[in-house]
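# Tertiary structure, described
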Amino acid sequence: MPQIETMRIWVYRDLSNRLANEPDDGEMAWDAHRLRRKTLHELLDADSDFEVLEWDPNFDDEKSTHECGLLVLALNWLGFTTVPGALHAFLISVLQGVAVEVVIRGTGKLIAKLDPRMRTKEIGDAYIQLADQHKYTCGLTVQSRYIW
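Here goes a summary of the coordinates provided. Not measured: the values here are computed from a predicted model. Numbering of residues starts from 1 in each chain and follows the order in which that chain's sequence is written. Owing to the predicted nature of the model, reporting of local features is limited to residues with pLDDT of at least 70; listing and counting of side-chain atom pairs is limited to 80 or more, with chain, interface and lining totals taken over all residues. With hydrogens and water excluded, all non-hydrogen atoms of the structure serve as input to the side-chain values.

## A short note on the overall build of the protein
What counts here: Going along the chain from the N terminus, every DSSP run of H or I of four or more residues is numbered as a helix, and every run of E of two or more is numbered as a strand. Any residue under 20% of the maximum accessible area for its type is buried, any over 50% is exposed, and the rest in between are partly exposed; the area is computed with a 1.4 Å probe on protein chains only. Contacts are residue-level and defined by heavy atoms, with any inter-residue pair within 4.5 Å sufficient.
Of regular secondary structure, the protein possesses four helices and six strands. Moving toward the C terminus, one meets the helices and strands of the protein in the order β-α-α-β-β-α-α-β-β-β. Expressed as a percentage of its 148 residues, the buried residues of the protein come to 42%. Summarising the internal contacts of the protein: among those between residues at least 6 apart in sequence, 62% fall at separations of at least 24.

See the structure below:
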């Protein structure tokens, strides 16, 4: 499918080990590190609306736990099929309003996917940055949602 927009997402692991005074290389931190990786693969691998362009090596690192890892996602045209390059460029230029709608819906869908997994501590906080000229960032935490 033609890609309409990319976004960068930083996803933290659950940091409950710190509240329990356990080190970042302890069992709780390792469990959270691996659970975050597993959860993100479950959420994104089979979803045709998103294409993971880049997985940060921190997600798969077995040498140490990492508080945060970066994903680069492409939002695909929802409901559009692949079209030749020239036609694709024409459609992009004509359908800018549709593009905005795709970004809004795609971002909303991603937030809806991440939110319940944050509440169950399968992943920690997340920050989404759209790659458009405005560079909106959306922060997701269990306590709050904000855009700046």
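## Observations regarding the nonpolar core
Counted only if it meets this: Take the buried residues of types Ala, Val, Leu, Ile, Met, Phe, Trp, Tyr and Cys, join any two whose side-chain atoms come within 4.5 Å, and each joined set is a nonpolar core.
Residues Met7, Ile9, Leu40, Leu44, Leu73, Leu110 and Leu114 are the most contacted members of the largest nonpolar core, which totals 19 residues. Listed by contribution, the elements that provide at least two residues to this core are strand E1 (3–12), helix H2 (27–44), strand E3 (68–76), helix H4 (96–119) and strand E4 (126–130). In terms of residues, this core owes the most to one element, H4, which gives four residues.

## What about the packing of aromatic side chains?
Operational definition: Geometry of aromatic contacts follows a simple scheme: Phe, Tyr and Trp rings, the Trp one being its six-membered ring, pair when their centres are within 6.5 Å, and the pair is stacked under 30 degrees between planes, edge-to-face over 60, tilted otherwise.
Within this structure, the stated rule accounts for two aromatic pairs. Ring geometry for Tyr12 versus Tyr127: centroids 6.1 Å apart, planes at 80°, classification edge-to-face. Highlighted residues: Tyr12 in strand E1 and Tyr127 in strand E4, separated in sequence by 115 residues. With centroids separated by 5.7 Å and ring planes inclined at 85°, the aromatic side chains of Trp55 and Phe59 adopt a geometry described as edge-to-face. Owing to a relative accessible area of 24%, Trp55 belongs among the partly exposed residues under this scheme. A relative accessible area of 0% places Phe59 in the buried class.

## Let's talk about the pattern of salt bridges
Put simply, the rule reads: Salt-bridge detection follows one rule: a side-chain nitrogen of Lys or Arg within 4 Å of a carboxyl oxygen of Asp or Glu.
Taken as a whole, this structure holds 13 salt bridges when the rule is applied. In this structure, Asp60 and Arg37 form a salt bridge, with 3.7 Å as the shortest nitrogen-oxygen distance. On the criterion of sequence distance, the pair formed by Asp60 in the loop between strand E2 (50–55) and E3 and Arg37 in helix H2 is long-range, its members being 23 residues apart. Assessed through its relative accessible area of 43%, Asp60 is described here as partly exposed. With a relative accessible area of 17%, Arg37 lands in the buried category. Asp47 serves as the salt-bridge partner of Lys109, at 3.2 Å between the closest nitrogen and oxygen. Of this pair, Lys109 sits in helix H4 while Asp47 is found in the loop between H2 and E2, placing the two residues 62 residues apart along the sequence. Three or more residues joined by partner-sharing salt bridges are found here, namely Arg13, Arg18, Asp24 and Glu67.

## Observations concerning the pairing of E3
Rules: Strand pairing is assigned whenever DSSP detects at least two bridges linking the two strands.
In terms of burial, E3 is largely enclosed, as nine of its nine residues are buried. The alternating pattern of E3 places Cys68, Leu70, Val72, Ala74 and Asn76 and Gly69, Leu71, Leu73 and Leu75 on opposite faces, both of which are buried. Here E2 pairs with E3 via five bridges, running antiparallel. Bridged to Glu51 within E3 is Ala74.

## A closer look at the side chain of Asp47
Here is the rule: Polar contacts here mean pairs of N or O atoms no more than 3.5 Å apart (in protein, one a potential hydrogen donor and the other a potential acceptor; neighbouring residues in sequence count only if both atoms are side-chain atoms).
In this structure Asp47 comes out as buried when scored by relative accessible area, which is 10%. Polar contacts involving the side chain of Asp47 include one to the main-chain amide nitrogen of Asp49, which spans 2.9 Å. At a separation of 3.2 Å, a polar atom in the side chain of Asp47 contacts the side chain of Lys113. Setting aside residues up to four positions removed in sequence, Asp47 forms contacts with Lys109 and Lys113.

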